[in-house]
Amino acid sequence: MAQSAQLNASILKKVAMALSGIFLITFLALHVTLNFISVLSEDVFNEASHFMGYNPLIQYVMQPVLAFGVIFHFVMGFVLTAQNSAARPIAYAKYNGAANASWSSRNMIISGLVILAFLGLHFYDFWFPEVSYKYIAGTAPDATRYYGELVHKFHSPVRTGLYCVSFILLGFHLWHGFASSLQSVGMHNKYSRFLSKVGLWFAVVVPAAFVIIALFHHFNN
């Protein structure tokens, strides 16, 4: 009975982890779309960013939900990693990881930690200045400021390089995480192969788009 309860708890943790991952994947799709507009049109990017920055639903409902989703996803990742390690206290005498799983699946915790560090840099670059601008300094709204603020962050080749490396590791994390999330929520049906391909394309296209944004603003402004 105790073993069955423990198994059910473990399954619930994996499902919760998967659902939070799917939620964050949805946010990434929206985030990369908004930011890629900056490559196409400065004015449209400013308008879209201003709308997102002052929309009450986004600021006071979606933003806290997103913050909770990010924290929950990383906490559950560490919990499940520790749980898996505890389940195998004795290391295999011989283990060829590359023969049994992809690099991305074997190093999810590493790519996750790099992404977590990147989020810290991202918050420092954009979220904290935004909070200071609107709520601490109480500066009047300026719908034309967003493009210039974005471009300024990519002047430094070091910062641009850090962003690009983080985006590449995000791709590896998504490569395994997308398929794993769908599997954890029980999507084993005739569409599984198609969804797996969608996940692969998402893991390539989204990080590549972020890299293009960073390099575009670094070299063109």
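Residues numbered from 1 in each chain as written. Predicted model: local features only at pLDDT ≥ 70, side-chain atom pairs only at ≥ 80, totals over all residues. Heavy atoms only, no water.

### With respect to the UniProt feature "transmembrane region" (unreviewed entry) in the protein chain
Definition in use: UniProt positions are given in the numbering used here, feature names are shortened, and annotations may be inferred rather than shown by experiment. Each helix corresponds to a stretch of at least 4 residues labelled H or I by DSSP, and each strand to a stretch of at least 2 residues labelled E; elements are numbered beginning at the N terminus.
When the UniProt feature table is mapped onto this chain, "transmembrane region" (unreviewed entry) is found at residues 15–37, 57–82, 103–124, 160–178 and 198–219. Helix and strand shares over residues 15–37 are 100% and 0% respectively, and the end C-alpha atoms of the span are 34 Å apart. Annotated as residues 198–219, this span is 100% helix and 0% strand, and its ends, taken at the C-alpha atoms, are 31 Å apart.

### So, the packing of helix α6 (residues 108–136) against helix α7 (residues 146–153)
What counts is decided by this rule: For helices, the axis comes from a line fit to the C-alpha atoms of the stretch in contact; other axes are also lines fit to C-alpha atoms, and the angle between any two N-to-C directions lies between 0 and 180 degrees. In this scheme the crossing of two helices becomes right-handed for a clockwise turn of the near helix relative to the far one and left-handed for an anticlockwise turn of less than a right angle. Two residues qualify as a contact provided that any one of their heavy atoms is within 4.5 Å of a heavy atom in the partner residue. We call Asp, Glu, Lys and Arg charged. Ala, Val, Leu, Ile, Met, Phe, Trp, Tyr, Cys and Pro are nonpolar, and the rest, Gly among them, are polar.
Packing of α6 against α7 brings their axes to within 11 Å, and their N-to-C directions diverge by 140°. In terms of crossing hand, the pair formed by α6 and α7 is right-handed. From α6, Asp125, Phe126 and Glu130 reach across to α7, where they touch Tyr146, Glu149, Leu150 and Lys153. Classifying every residue of the contact of α6 with α7 gives 3 nonpolar, no polar and 4 charged.

### Section: the pattern of salt bridges
As a reminder, the rule being used: Salt bridges are defined by distance alone: a side-chain nitrogen of Lys or Arg within 4 Å of a carboxyl oxygen of Asp or Glu. Residue burial is assigned from relative accessible area. The probe radius is 1.4 Å, only protein chains are included, and a residue is buried under 20% of its type maximum, exposed over 50%, and partly exposed in between.
The final tally for this structure, using the stated rule, is 4 salt bridges. Arg159 is the partner of Asp125 in a salt bridge, and the nearest nitrogen-oxygen pair spans 2.8 Å. Here Asp125 is found in helix α6, whereas its partner Arg159 is found in helix α8 (residues 157–184), with 34 residues between them in sequence. For Asp125, a relative accessible area of 2% corresponds to the buried category. Accessibility expressed as a relative area gives 23% for Arg159, which makes it partly exposed. For Glu130, the salt bridge is made with Lys134, and the minimal N-O distance between the two is 3.6 Å. Of the two residues, Glu130 and Lys134 both sit in helix α6, 4 residues apart, roughly one turn of that helix. With respect to class, Glu130 is no different from Lys134; both count as buried. Shared partners join several salt bridges into a network, and the residues in it are Glu130, Lys134, Arg145 and Glu149.

### As for the confidence of the model for the protein chain
Note the cut-off: Confidence scores per residue from the predictor, reported as pLDDT, run from 0 to 100.
For the protein chain, the mean per-residue pLDDT works out to 83, and 81% of the residues sit at or above 70. When pLDDT is averaged over each helix and strand of the protein chain, the minimum, 52, is found for helix α4 (residues 97–100) and the maximum, 96, for helix α2 (residues 42–54).

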